[in-house]
Amino acid sequence: MALSPDDVVHKEFQHVRFKDGFDPDEVDDFLDEIVIEWRKALEENVELKAKLAAYESGERAAAPAASAPAASAPAAAPISHEVAGSATATAGIIELAQRLHDEHVAEGEAKRQQLIADAQTEVERIRRDAEAKQREQSARLERERNTLEGRITELREFERDYRSKLRSLIEGQLRDLDQRAASNDSTPVSAIGL
């Protein structure tokens with residue numbers, strides 16, 4: 001792929017589902033393409049430097065011939081400008097790619113930090129809610145316990161009073177029976193009608 005600075009500037013990455021930022025694999029693949037093109041440009045730069053060096057050394061060898069330097073001088077200038085332009089473009093592409101990569105990494109890191117902060121806030125909110133519910137439940141259960149203990153005390157007092165009254169009633173009935181029996185024993189048999 002022939003990569004131009006416009007390709008780097010206008011490259012669009014697909015957004016990833018369930019998280020913000022770009023697909024790291026796609027960004028890495030694009031950076032790999034940039035590295036390949038950069039290496040090609042560097043190799044081309046080396047070749048052009050070698051050709052320039054060969055041309056300049058050939059120019060010096062041809063210096064005794066009067067027409068050779070004049071004919072080859074205009075051709076040397078475009079080659080050196082081409083080498084310098086290619087190196088500058090390559091450095092610009094790499095710098096832009098690195099800056100894009102750094103921006104995406106920083107954006108991802110910021111988003112990660114934000115998600116962590118949001119999760120911690122949510123955990124604290126849930127913890128506060130749970131503690132409030134626990135306090136509310138404890139207070140409600142304490143009230144119910146006090147109510148039940150009061151009711152138990154009332155029932156015990158009722159039982160004690162009931163037993164006391166029942167005992168008094170039974171004892172009164174027994175006394176009445178004893179008195180009737182005692183009064184029946186003192187009545188003469190003739191009075192009974194026998």
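These notes cover the structure that comes with them.

Each value, and the rule that gives it
Residues numbered from 1 in each chain as written. Predicted model: local features only at pLDDT ≥ 70, side-chain atom pairs only at ≥ 80, totals over all residues. Heavy atoms only, no water. Helix = DSSP H or I, 4+ residues; strand = E, 2+ residues; numbered from the N terminus. Buried < 20%, exposed > 50% of the residue type's maximum accessible area, 1.4 Å probe, protein only. Contact = heavy atoms within 4.5 Å. Areas by Shrake-Rupley, 256 points an atom, 1.4 Å probe, with all protein chains shown as cover. 1 Å grid on protein atoms, 1.4 Å probe; cavity = no way out; pocket = protein on both sides within 12 Å on 5 of 7 lines; lining within 4 Å. Points joined across faces, edges and corners; volume = space filled by probe spheres on them. Nonpolar A, V, L, I, M, F, W, Y, C, P; charged D, E, K, R; others polar. Patch = residues over 30% accessible without salt bridge, like charges linked within 9 Å, V, L, I, M, F, W, Y side chains within 5 Å. Salt bridge = Lys/Arg side-chain N within 4 Å of Asp/Glu carboxyl O.

Some points on the overall build of the chain
Tallying secondary structure elements over the chain gives 4 helices and 0 strands in all. Start at the N end of the chain and walk to the C end: the helices and strands fall as α-α-α-α. Counting only residues that meet the buried cut, the chain has 12% of its 194 residues in that class. Long-range pairs, those at least 24 residues apart, make up 64% of the contacts in the chain with a sequence separation of at least 6. Taken as a whole, the chain presents about 15400 Å² of accessible surface, with 56% of it coming from carbon and sulfur.

A look at empty space enclosed by the protein
Scanning the model with the defined rule gives 1 cavity of 30 Å³ or more in all. The volume enclosed by the largest cavity comes to roughly 50 Å³. Taken together, Phe13, Val27, Phe30, Leu31, Ile34, Ala97, Leu100, His101 and His104 make up the full set of residues lining the largest cavity. Of all elements in the fold, only helix 2 (24-61) and helix 3 (67-186) reach the threshold of two or more residues within the lining of the largest cavity. The class makeup of the residues in the lining of the largest cavity is 7 nonpolar, 2 polar and no charged.

A word on a nonpolar patch on the surface
On the surface, Phe158, Tyr162, Leu166, Leu169, Ile170, Leu174 and Leu177 cluster together to form a nonpolar patch covering roughly 720 Å² of accessible area. Within the secondary structure, Phe158 sits in helix 3.

Interpretation in functional terms is not warranted from these geometric data alone.
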